[in-house]
Structures are given as C-alpha cells and as structure tokens.
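Overview (structure and organization)
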Amino acid sequence: MNTDRIVGAGKELKGEAKKQAGDLTGNPELKDEGRADKAEGKVDKVVGKVKDILRGDK
C-alpha cells in the first residue's frame, strides 16, 4: 500500500465530515466542498491502487 491510497482515504474522511457539517448547518458551500474533497480522495485511492498493481503489489 502506498501513500496515495493513505492520503486518499484521509481526504475521503475529511470530505465526508465537511459534507455532514454542511448538512447539519445548512451550508451548501461546505457541503459541496465536502463532496469535492471526497471525490478527490477516491481518485487518489484509485491512483494508488493502479500504482500498486503496476509495481506488482496488492
């Protein structure tokens, strides 16, 4: 497992927290930021997974 996957997971968690905070406070900008962070985290995780596959790791 490489750092891209770890960073991606962190961004996903941060994004979900922001999204939930936006829901609770009724702040659509914060909610949208959370969605964007979460999507960015998912992309980072996929990039990390591809790198691992190319290196022969799982």
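The coordinates are above.
My aim in this report is to walk through the structure given alongside it, one point at a time. (Residues numbered from 1 in each chain as written. Predicted model: local features only at pLDDT ≥ 70, side-chain atom pairs only at ≥ 80, totals over all residues. Heavy atoms only, no water.)

Observations concerning the overall build of the protein chain
Stated formally: In this description a helix means any DSSP run of H or I spanning at least four residues, a strand means any run of E spanning at least two, and both kinds are numbered starting from the N terminus. Computation of the radius of gyration draws on C-alpha atoms alone. For the globule rule, the value is 2.2 Å times the number of residues to the power 0.38. Any two residues whose heavy atoms approach within 4.5 Å at even a single point are treated as in contact. In these tables, accessible area is a Shrake-Rupley quantity obtained with a 1.4 Å probe, and a residue counts as shielded only by the protein chains included in the view. Just so you know, the count uses Lys and Arg for positive and Asp and Glu for negative, and it drops His and the chain ends. We put the charge of a Lys on NZ, of an Arg on CZ, of an Asp on CG and of a Glu on CD.
Helices and strands together make up the secondary structure of the protein chain, namely 2 helices and 0 strands. Whereas a compact globule of 58 residues would reach a radius of gyration of roughly 10 Å, the protein chain reaches 14 Å, over 25% beyond that. Its C-alpha atoms put the protein chain at 45 × 10 × 10 Å along the principal axes. Contacts spanning at least 24 positions in sequence make up 61% of the contacts within the protein chain whose residues lie at least 6 apart. If you sum the accessible surface of the protein chain, you get close to 4100 Å²; carbon and sulfur atoms cover 60% of it. The averaged location of the 12 negative side-chain charges in the protein chain is 5 Å from the averaged location of its 14 positive side-chain charges.

Focus: helix α2 (residues 28–55)
Rules: Under the convention used throughout, the expected extent of a helix is 1.5 Å for every residue step, that is, one less than its residue count. Working definition: with a 1.4 Å probe on protein chains only, accessible area under 20% of the residue-type maximum means buried, over 50% means exposed, and in between means partly exposed. Two N or O atoms form a polar contact when they lie within 3.5 Å of each other; inside protein one atom must be a possible hydrogen donor and the other a possible acceptor, and for residues adjacent in sequence the pair counts only when both atoms belong to side chains.
Here α2 spans 41 Å end to end across 28 residues, near enough to the 40 Å set by a 1.5 Å rise per residue. When we look at burial in α2, the residues that qualify are G34, D37, G41, D44, G48 and D52. The inward-facing, buried residues of α2 contact α1 (3–25). For α2, the N-terminal capping position is held by N27, with its side-chain oxygen 3.0 Å away from the main-chain nitrogen of E29. Backbone geometry just after α2 places G56 at a positive phi near 90°.

Considerations on α1
The terminal C-alpha atoms of α1, which comprises 23 residues, lie 33 Å apart, in line with the 33 Å expected from a rise of 1.5 Å per residue. Within α1 the residues assigned to the buried category are R5, G8, E12, G15, K19 and G22. Looking at the buried side of α1, the elements it contacts are α2. Capping the start of α1 is the job of one residue whose side-chain oxygen sits 2.9 Å from the backbone nitrogen of D4: N2. The first or second residue beyond α1 is G26, which carries a positive phi of 75°.

Side note on the pattern of salt bridges
Condition: Salt bridges, as used here, are contacts in which a Lys or Arg side-chain nitrogen is within 4 Å of a carboxyl oxygen on Asp or Glu.
In total, this model carries 11 salt bridges according to the counting rule given. Among the salt bridges present, the one from D52 reaches R55, with a minimum N-O distance of 3.8 Å. Here D52 pairs with R55, and both are found in helix α2, just 3 residues apart, close to one helical turn. Ionic contacts of the salt-bridge type, sharing partners, join the residues R5, D52 and R55 into one network.

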